Amino acid sequence: YIGLPIKKIHQMLNLDLNTRAYNYYSKVALRILGVTTKKAEEFEKADVVIKTIRLKKSGMPKEDISFPYFKYKELVEEEWETSTFRERIQKRFFFVVFQYNEQGELVLRKVMFWGMPYSDMDKEVKRVWELTVERIKNGKADALPKKSDSTICHVRPHAKNKYDTNETPDGRFLVKKCFWLNASYVRKQLELG
């Protein structure tokens, strides 16, 4: 399927999917892998996370990569070495990469396994994580590290709407947030792979 437009892949696989659904690209990626259920059992057994990435014509990812939201009160009780976020980013990833071509069609460009280098994880990502924890503990959960604060990752909302909140240690309810890998960092990793 490498080099084929997603519309052609959709036809070849005879898919009955809503092309406007939020998870459409993820579902197509799973079908390319021969998975017809919600999750790829073999990948889960191997502790591999499948991520679908769409690139602009320029090669820059359309979006940053998000992780599940964290609970403020639980995050501040964790230690970096055993933290939920560190556990998530040290997994092996399988990227299914689509890119818009000159005609504006989304084409399957490549697939690749990727693991975050430990030098990135235990330096810059750790720094952002520690800064996040420190700010939440100090009552500044509304001022967490932004994309401009790190070349690798940042924190921002990951909620359905403004009412999708979580309680902070100081008793406020703020919108749910999560860690995100910066699109520029992801681009560099894709170029290396």
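Shown above is the structure to which this text applies.
Everything numeric in this text was worked out from a predicted model, so none of it was measured.

### Re the overall build of the chain
When helices and strands are tallied, the chain shows seven helices and eight strands. A compact globule built from 193 residues should have a C-alpha radius of gyration of about 16 Å, and the chain, at 18 Å, falls within 12% of that. If one aligns the C-alpha atoms of the chain with their principal axes, the spans along those axes are about 55 × 35 × 35 Å. Burial status across the chain gives 44% buried among its 193 residues. For the chain, the proportion of contacts with a sequence separation of at least 24, taken over those separated by at least 6, is 63%.

### Things to note about the sheet that holds strand 2 (residues 65–66)
Strand pairs in the sheet, formed through backbone hydrogen bonds, run parallel or antiparallel to each other. Sheet architecture is open: three strands sit in the order 2-8-5, paired in antiparallel fashion. On the outer flanks of this sheet lie strand 2 and strand 5 (153–157), each paired with one strand and no other. Sheet topology note: the strand 5/strand 8 (residues 177–181) ladder contains five bridges and is antiparallel. Within strand 8, the residue paired with Pro157 across the bridge is Lys177.

### A short note on the pattern of salt bridges
When the charged atoms of two side chains with opposite charge come close together, those side chains can pair. Tallied over the entire structure, the rule returns twelve salt bridges. Taking the shortest distance from any N to any O, the salt bridge between Arg172 and Asp142 comes out at 3.6 Å. Taken as a pair, Arg172 in the loop between strand 6 (165–167) and strand 7 (173–175) and Asp142 in the loop between helix 6 (118–137) and strand 5 lie far apart in primary sequence, 30 residues in all. Taking relative accessible area as the criterion, Arg172 reaches 28% and is therefore assigned partly exposed. When its relative accessible area of 51% is taken as the criterion, Asp142 is described as exposed. Of the charged contacts, one joins Lys176 and Asp164 as a salt bridge, the two residues approaching to 2.8 Å between their closest N and O atoms. Of this pair, Lys176 sits in the loop between strand 7 and strand 8 while Asp164 sits in the loop between strand 5 and strand 6; the two residues are twelve residues apart in sequence, bridging distant segments of the chain.

### Some thoughts on unusual backbone geometry
Phi angles above zero are rare outside glycine, and Asn14 is one such case at about 50 degrees. Here Asn14 is to be found in the loop between helix 1 (6–12) and helix 2 (24–32). Unlike most non-glycine residues, Asp47 shows phi in positive territory, near 60 degrees. The residue Asp47 is located in the loop between helix 3 (41–45) and strand 1 (48–55) in this model.

### Considerations on the sheet that holds strand 1
The mixed open sheet is built from three strands, whose spatial order is 1-3-4. A single partner strand is all that each edge strand has here, and the edge strands are strand 1 and strand 4 (106–114). With direction set aside, neighbouring strand axes in the sheet form an average angle of 20 degrees. Direction of pairing for strand 3 (residues 92–100) relative to strand 4: antiparallel, over a ladder of eight bridges. Paired with Phe93 across the bridge in strand 4 is Trp114. Sheet strands touched by helix 7 (residues 183–192): strand 1, strand 3 and strand 4. Its angle to strand 4, the strand with the most contacts, is close to 80 degrees.

### Overview of the state of the cysteines
Across all of its chains, the model carries zero disulfides by this definition. In this structure Cys153 is not part of a disulfide, and its nearest cysteine sulfur, from Cys178, lies 11 Å away. Relative accessible area serves as the criterion here: at 0%, Cys153 is assigned to the buried category.

The rules behind each value
Residues numbered from 1 in each chain as written. Predicted model: local features only at pLDDT ≥ 70, side-chain atom pairs only at ≥ 80, totals over all residues. Heavy atoms only, no water. Helix = DSSP H or I, 4+ residues; strand = E, 2+ residues; numbered from the N terminus. Rg over C-alpha atoms; globule rule 2.2 N^0.38 Å. Buried < 20%, exposed > 50% of the residue type's maximum accessible area, 1.4 Å probe, protein only. Contact = heavy atoms within 4.5 Å. Pairing = 2+ DSSP bridges. Salt bridge = Lys/Arg side-chain N within 4 Å of Asp/Glu carboxyl O. Axes fitted to C-alpha atoms, helices over the stretch in contact; angles between N-to-C directions. Disulfide = S-S within 2.5 Å.

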